[in-house]
Amino acid sequence: MAGQTINDRLLAARHSIAGQGLAKSVCKATTEEMIAPKKKHLDYLVHCTNEPNVSIPQLANLLVERTQNTNWVVVYKALITVHHLLAYGNERFTQYLASSNSTFQLSNFLDKSGVQGAAGARIGYDMSPFIRRYAKYLNEKALSYRTVAFDFCKVKRGKEEGSLRMMNAEKLLKTLPVLQAQLDALLEFDCTANDLTNGVINMCFMLLFRDLIRLFACYNDGIINLLEKYFDMNKKNCREALDLYKKFLIRMDRVGEFLKVAENVGIDKGDIPDLTKAPSSLLDALEGHLATLEGKKGSAANTPTQTASAQKNVASVMGALSSTSSSFGNAAASSRLEHNGALLIDDSLRQQALAEEEAAMNQYKVSPSRSSWWGMNQYKVSPSHSSWWGMNQYKVSPSRSSWWGMIQYMVSPSRSSWWGMNQYKVSPSRSSWWGMNQYKVSPSRSSWWGMNQYKVRWWGISPPLA
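Model, not experiment: these values are computed from the prediction.

Conventions we followed
Residues numbered from 1 in each chain as written. Predicted model: local features only at pLDDT ≥ 70, side-chain atom pairs only at ≥ 80, totals over all residues. Heavy atoms only, no water. Helix = DSSP H or I, 4+ residues; strand = E, 2+ residues; numbered from the N terminus. Expected span 1.5 Å × (residues − 1). Buried < 20%, exposed > 50% of the residue type's maximum accessible area, 1.4 Å probe, protein only. Salt bridge = Lys/Arg side-chain N within 4 Å of Asp/Glu carboxyl O. Axes fitted to C-alpha atoms, helices over the stretch in contact; angles between N-to-C directions. Parallel < 35°, antiparallel > 145°, perpendicular 65-115°, else oblique. Contact = heavy atoms within 4.5 Å. Nonpolar A, V, L, I, M, F, W, Y, C, P; charged D, E, K, R; others polar. Left-handed = near helix turned anticlockwise from the far one by under 90°. Polar contact = N/O pair within 3.5 Å; in protein donor to acceptor, adjacent residues only side chain to side chain. pLDDT = per-residue confidence, 0-100. Phe/Tyr/Trp six-rings, centres within 6.5 Å; stacked < 30°, edge-to-face > 60°. Lys NZ or Arg CZ within 6 Å of the ring centre and 35° of its normal.

### A closer look at helix 11 (residues 280-294)
- End to end, helix 11 covers 22 Å across 15 residues, agreeing with the expected 21 Å (1.5 Å per residue, within 8%).
- Among the residues of helix 11, Leu282, Ala285, Leu286, Gly288, His289, Leu290 and Ala291 are the ones counted as buried.
- Just beyond helix 11, the residue with positive phi is Gly295, at close to 70°.

### Quick look at the pattern of salt bridges
- Counted according to the given criterion, the structure contains 13 salt bridges.
- Across the pair Asp43 and Lys39 runs a salt bridge whose closest N-O atoms are separated by 2.7 Å. Placement of the pair is Asp43 and Lys39 together in helix 3 (residues 39-49), with a separation of four residues, close to one helical turn.
- The partner of Asp151 in a salt bridge is Lys141, with the nearest N and O atoms 3.6 Å apart. Residue Asp151 is found in the loop between helix 7 (123-148) and helix 8 (169-187), and its partner Lys141 is found in helix 7; the two are separated by ten residues along the sequence. Side by side, Asp151 and Lys141 carry an identical accessibility label, which is buried.
- Because the salt bridges share partners, they merge into one network encompassing Lys141, Asp151, Arg210 and Asp211.

### Comments concerning the packing of helix 6 (residues 91-99) against helix 7
- Direction vectors running N to C along helix 6 and helix 7 enclose 95°, while the axes themselves pass 8 Å from each other. Taken together, the axes of helix 6 and helix 7 are roughly perpendicular relative to one another. Where helix 6 abuts helix 7, its residues Glu91, Thr94, Gln95, Leu97 and Ala98 lie against Ala142, Tyr145 and Arg146.
- The residue makeup of the contact of helix 6 with helix 7, split by class, is four nonpolar, two polar and two charged.

### A word on the packing of helix 10 (residues 235-264) against helix 11
- Between helix 10 and helix 11, the least distance of the axes is 10 Å, while the angle of their chain directions is 160°. The angle between helix 10 and helix 11 falls in the class roughly antiparallel. Relative to helix 11, helix 10 is oriented so that their crossing is left-handed. Along its contact with helix 10, which presents Lys235, Cys238, Arg239, Leu242, Tyr245, Lys246 and Leu249, the element helix 11 presents Leu282, Leu283, Leu286, Glu287, His289, Leu290, Leu293 and Glu294.

### Quick notes on the environment of Asn168
- Looking at where Asn168 falls in the secondary structure, it is placed in the loop between helix 7 and helix 8.
- Distance from Asn168 to Lys229, taken between C-alpha atoms, is 8.8 Å for residues 61 residues apart in sequence.
- A distance of 3.3 Å separates the side chain of Asn168 from the backbone nitrogen of Glu170, its partner in a polar contact.
- At 2.8 Å, the side chain of Asn168 forms a polar contact with the backbone nitrogen of Lys171.

### Quick notes on unusual backbone geometry
- Within the chain, Ala149 stands out as a residue other than glycine whose phi angle is a positive 70°.
- By the secondary structure assignment, Ala149 is in the loop between helix 7 and helix 8.
- Look at Asp190: it is not a glycine, yet its phi comes out positive at around 50°.
- Positionally, Asp190 belongs in the loop between helix 8 and helix 9 (199-230).
- What makes Asp190 exposed here is its relative accessible area of 54%.

### Topic: the confidence of the model for the protein
- Per-chain confidence: the protein averages 75 in pLDDT, with 63% of residues scoring 70 or above.
- Overall, residues 366-466 carries pLDDT values under 50, and its contacts beyond four positions in sequence, including any with other chains, amount to 118 contacts.

### Comments concerning the packing of aromatic side chains
- This model, assessed by the stated rule, comprises twelve aromatic pairs.
- Measuring from ring centre to ring centre gives 5.4 Å for Tyr230 and Phe231, while their planes differ by 90°; the resulting arrangement is edge-to-face. Of the two residues, Tyr230 and Phe231, neither departs from the other in class, the shared state being buried.
- Taken together, the aromatic side chains of Trp72, Tyr76, Phe130, Tyr134 and Phe189 make up a single cluster linked through ring pairs.
- Lying over the aromatic face of Phe130, Arg133 brings its terminal NZ or CZ to 5.1 Å of the ring centre.
- For Arg210, the ring lying beneath its charged end belongs to Tyr88, and the centroid distance is 4.8 Å.

So this is what it looks like as C-alpha cells:
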C-alpha cells in the first residue's frame, strides 16, 4: 500500500505516449496497489460506456486482457472493474460481454508468488480461490443475460410492476432456474468476516452483497408468483414448481448465512433486509396438492373441498414471503447502499492506509527551514529543522555552518570562506548559490555567468578581463 509500482507507472506512461487514453484509464483502475480501484477511475470508465464514440469491445477486451496478469491484485481489480461497469455502466457493455466469447478463463488461477516468500506475501495464495469463484459468478451473470435478455439486478421489482411478479407460468418456469444458477454462483463465493482482510476483497464483497439483495428480491417475487399460480397448473408444471420451491428454501438458508457475514463486517443493519421464512405448513399443502393430481393413495388432499382449503391456507401463509419481498425491495432501493456500499473498510484499516500513504509521500515533500532548497533531477529533499538528505551520491547535512559530501567538493563556509569548487575560490557575501550541471555560479553583489567559452572574473582566481 505504498503507492503505485514502477510497472504501473511505466505502463501508464506507455499508454500516454501512444495516445491510448482508454487503455491508460483501465491501467489506472487495475494497478498493483492492494487497495480497491479508485472511484475517479471507475466513474470515468462508466462515463465511457455512455459515450457513443467509445469502443465497447475495446474496453471489454482491455479488461479481459488485464485478467490474464500473473499478479492477483491486478486480476482481482480487473474483475471488480468489470462488475462495477455491469452494475452502473451502460447496458451496451453488458450486451457485448454476454454476446461475445470474452469469458474469464480463471478456473485454474493461482498466484504462487508468495508461497515461498515472507509471511505477509502469502496473501496472493490465499486470495486465489476467491478470484476463481468471483470470475465464475461474473461468467454466470453474463450467461444469465444471454439467456433471458435482461439483467436480474436491474429489472423492476415489487407487487405492482415487478417483472417476475407479472410473468406468465410457462415463462416463469423457464426463468427461475436461470436466476437460481446465478444466485448459486454468487453464494459459492463463500467467504467469512476473517477473509475480508484488504480493500480489494472488501469492495468485491460489497458488489456481491449489492447483487445478492437484488437477485433475491427478484427470486422471492418469482416464487410468490409461482405459488399464486400453483393450484391452476397441470401435473407436470406442478411438479416443476414444487421442485423450484424446495430449492428456494435451501437457498434461503444460504442467503441468511451471507447476510450474517455482512452484519459481522460492519454493514449497517438498516441496509441488511429481514429474511422471514415461510412456515412448513406451506410445503405440506403444496405436496398434498401434487399428490392429489398424481392420484396417490392416502394423500391428504384428495377432494375438491380439501384442495380449496389448502389453497386458502397457502394464501394465508404467503404473508411471510410478501414481508421478505418488501424488505429486500426496500434494501435494493436504498441510496445508502449505492453510495456508501462501494467501499467497505474498517476504521482501523482506513487509518493505517492513510498513515502509510502519508509516510510514502513524505520523501517527496520539500519544507525548507529559514531558506529555500530545490532538489534537481535526482535529489529528493526532506528537511527536519537542520538535517538534509540528498539521494544518490550526495549527502548534505548542514549544521549552521558545515556542509559535506558534494562529490569532490568539500564546502565549509564560515561566514565568508568557501573551498573546493573546481579551481575557484569564491567568497560570497549574503548571496544565493545554484548548482546547475557543469556551471557553478557564485555572485558577490553582482551576477556572473560561466558558460563554455566565456571568461568570468572570479575573485582572486581568474585573470582580469581583457
